[in-house]
Amino acid sequence: MEKSKKLRRYSRKDYTQVVDFPVEIVGRDGVIRRYSFEASVRLYQRRIASASGRYPDHEVVVAEISHCKRRIEQLRRSYFHLYGWSGAASPDGSSALSGPFAGEVAAFLRRFFGHDQLAAVQISWLADGEHGATWFVQLAGDVGHVLYLYRFESFGACEGREAFFRDLRMLQNAVGHDMETLVAFHHTGDCGLVLSCQGEHARQVSRPELDHGPVMELDTHPDDPYAHGLRLLAEGESVASLERFEAAVSASPFRRQAIVAVCIVADLLARPDSAETAARIGVNNFPADAALRYHLGLSMVRKGELDAGLEHLGLALELAPGQPAATLLRAIVLAWQGASSAPAELARAAEVATESDGQQLAERIRRGLLARRALLATIPVTAVFAIAAGFLGSLVLASCAVVCASASVVLALTLRRALSNGDPTRLRLSPPESLGSRGPRLDDVVT
């Protein structure tokens, strides 16, 4: 019944209307939020990438993906209708941007040249390539630029995406007055845009609206809560940085870097509830992500819910066998619970550990467990020697009893010191990836 209702709701959607920006979109929680053109396109592309993880029924997944694609087409068509300009027409009167990415190109140039300058921008078609198209772009009285559009055939690895990043790096590394050099770039789930000009002019270009850094996600702005959180963390303001990271996740639940940041910083601040909330959002949106599954397991362990933590750590290891952090934490929890398999699990953790601290911790706890087994074996032997010495009055047996008792004390102290460092609710562990690392992104998701 629920499936039929959902499919009927898809069939009643109207994709012909021209929408204004920022556009209002109703979320799955029923809350209406306002999105810019770029943010709205990314939202629907994330929904495409996560559709198979959110819906178990294949027919619903297909309908969801089709709906999101048509919404993206509507958004791009609306943007070009609202902000397209006469300079986008070729000399023969035909549109130089007649394809489905016209709105994406217009938004890119509008951000680069400025909203009030777009009317003076002339764009002329140069060529169609195997993976896209090329135009000559020039603002009246300014230097000329070359604009490349790359079409991506899928959300995963494809020839168009490989060509985009290959050419992007080539232009970034170009040096010389007459060399074609990168000026700006932008990419989404299904296309990439690159703007270049001659090297002597590229250095003179200053466009604050676009990033000019290395290849990275371009949705980071000066007022971006994630970027603000990183700055606060660098300044030692951990509590304030956690608040900004949580705000970033709230604004964009599919922003994996922000989710990982909340998990790591919340764990450092001993706030397992915050880490668990972010991790649950992460595993819901990225069900095949082993690192996020590890963080969920870690947060449950911190709360003392060891069985639940073991379950999630096991799932993390199914997704990424041999993951050092999950292997080590799982072995430590098993040791804390007294599982008979703990020494073997700790030996395995020491083998796969990539850091000396992890190796030493696993070995120390493993030795403590072995010492405990030796202690348990020594106690009855000591008791036998002591009883025999009492009956027989033997100095030799009494000496053996003293030696065994001393050994038991030494083993007990060794055991206490080793296992006290293995409390899984308190120990410090290196996460599977550092804060701010790339990790899987939308570009890596294959639907």
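Everything numeric in this text was worked out from a predicted model, so none of it was measured.

Undergrad: I keep staring at the pattern of salt bridges and nothing clicks. Help me out?
TA: Close approach of charged atoms allows side chains with opposite charge to pair. Scanning the model with the defined rule gives 14 salt bridges in all. Between Arg76 and Asp190 there is a salt bridge, with the nearest N and O atoms lying 2.9 Å from each other. One end of the pair, Arg76, is in helix 3 (residues 58-83); the other, Asp190, is in the loop between strand 6 (180-187) and strand 7 (191-198), and 114 residues separate them in sequence. Taking relative accessible area as the criterion, Asp190 reaches 17% and is therefore assigned buried. Among the salt bridges present, the one from Asp167 reaches Arg166, with a minimum N-O distance of 3.7 Å.

Undergrad: Teacher, can you tell me more about the sheet that holds strand 6 here?
TA: Strand-to-strand pairing in sheets goes through backbone hydrogen bonds, with the strands running parallel or antiparallel. What the five strands build is an open sheet, ordered 3-4-5-7-6; its pairing is antiparallel. This sheet does not close on itself; its edge strands, each paired only once, are strand 3 (121-128) and strand 6. Sheet twist, expressed as the average angle between the axes of neighbouring strands with direction ignored, equals 25°. In this structure, strand 3 lies alongside strand 4 (residues 132-139), joined through seven bridges in antiparallel fashion. Paired with Asp128 across the strands is Ala133, a residue of strand 4.

Undergrad: What should I look at first to understand the packing of aromatic side chains in this one?
TA: Any two aromatic rings considered together are summarised by their centre-to-centre distance and by the angle between their planes. Throughout the structure, instances matching the rule amount to 11 aromatic pairs. Ring centres of Phe152 and Phe164 lie 5.7 Å apart, and the angle between their planes is 65°; on these two criteria the pair is classed as edge-to-face. With Phe152 in the loop between strand 5 (144-151) and helix 5 (159-173) and Phe164 in helix 5, this pair connects stretches of sequence that are 12 residues apart. Summarising the burial analysis for this pair, Phe152 and Phe164 share the class buried. Seen in terms of ring centroids, Phe254 and Phe286 are 6.1 Å apart; in terms of plane orientation they differ by 70°. Their pairing is edge-to-face. Note that Phe254 is positioned in the loop between helix 8 (238-251) and helix 9 (256-268) and Phe286 in the loop between helix 10 (272-285) and helix 11 (290-302), a separation of 32 residues in sequence. Of the two residues examined, Phe254 and Phe286, each falls in the buried class. Three or more aromatic residues link up through ring pairs in this structure, and these residues are Tyr148, Tyr150, Phe152, Phe164 and Phe165. Positioned above the aromatic ring of Tyr83, the side-chain terminus of Arg110 is 3.9 Å from the ring centre.

Conventions and cut-offs
- Sequence order as written defines the numbering, with residues in each chain counted from 1.
- Local features in this predicted model are restricted to residues whose pLDDT is 70 or higher, and side-chain atom pairs enter the listing and the counts only when it is 80 or higher, whereas totals over whole chains, interfaces and linings include all residues.
- In computing side-chain properties, one takes all heavy atoms of the structure into account and sets aside hydrogens as well as water.
- In what follows, salt bridge is the name for a side-chain nitrogen of Lys or Arg lying within 4 Å of a carboxyl oxygen of Asp or Glu.
- Here a helix means four or more residues in a row that DSSP labels H or I, a strand means two or more in a row labelled E, and each is numbered from the N terminus.
- Burial here depends on accessible area, computed with a 1.4 Å probe over protein chains only, as a share of the maximum for the residue type. Under 20% is buried, over 50% is exposed, and the range in between is partly exposed.
- Two strands make a pair as long as DSSP finds a minimum of two bridges between them.
- Orientation is described by lines fitted to C-alpha atoms, with helices fitted over the stretch in contact, and by angles between N-to-C directions that extend from 0 to 180 degrees.
- Under the pairing criterion, centres of Phe, Tyr and Trp rings, with the six-membered ring standing for Trp, must be within 6.5 Å; the plane angle then separates stacked pairs below 30 degrees from edge-to-face pairs above 60, leaving the rest tilted.
- Both a distance and an angle decide whether a charge sits over a ring: NZ of Lys or CZ of Arg must be within 6 Å of the ring centre and within 35 degrees of the ring normal.

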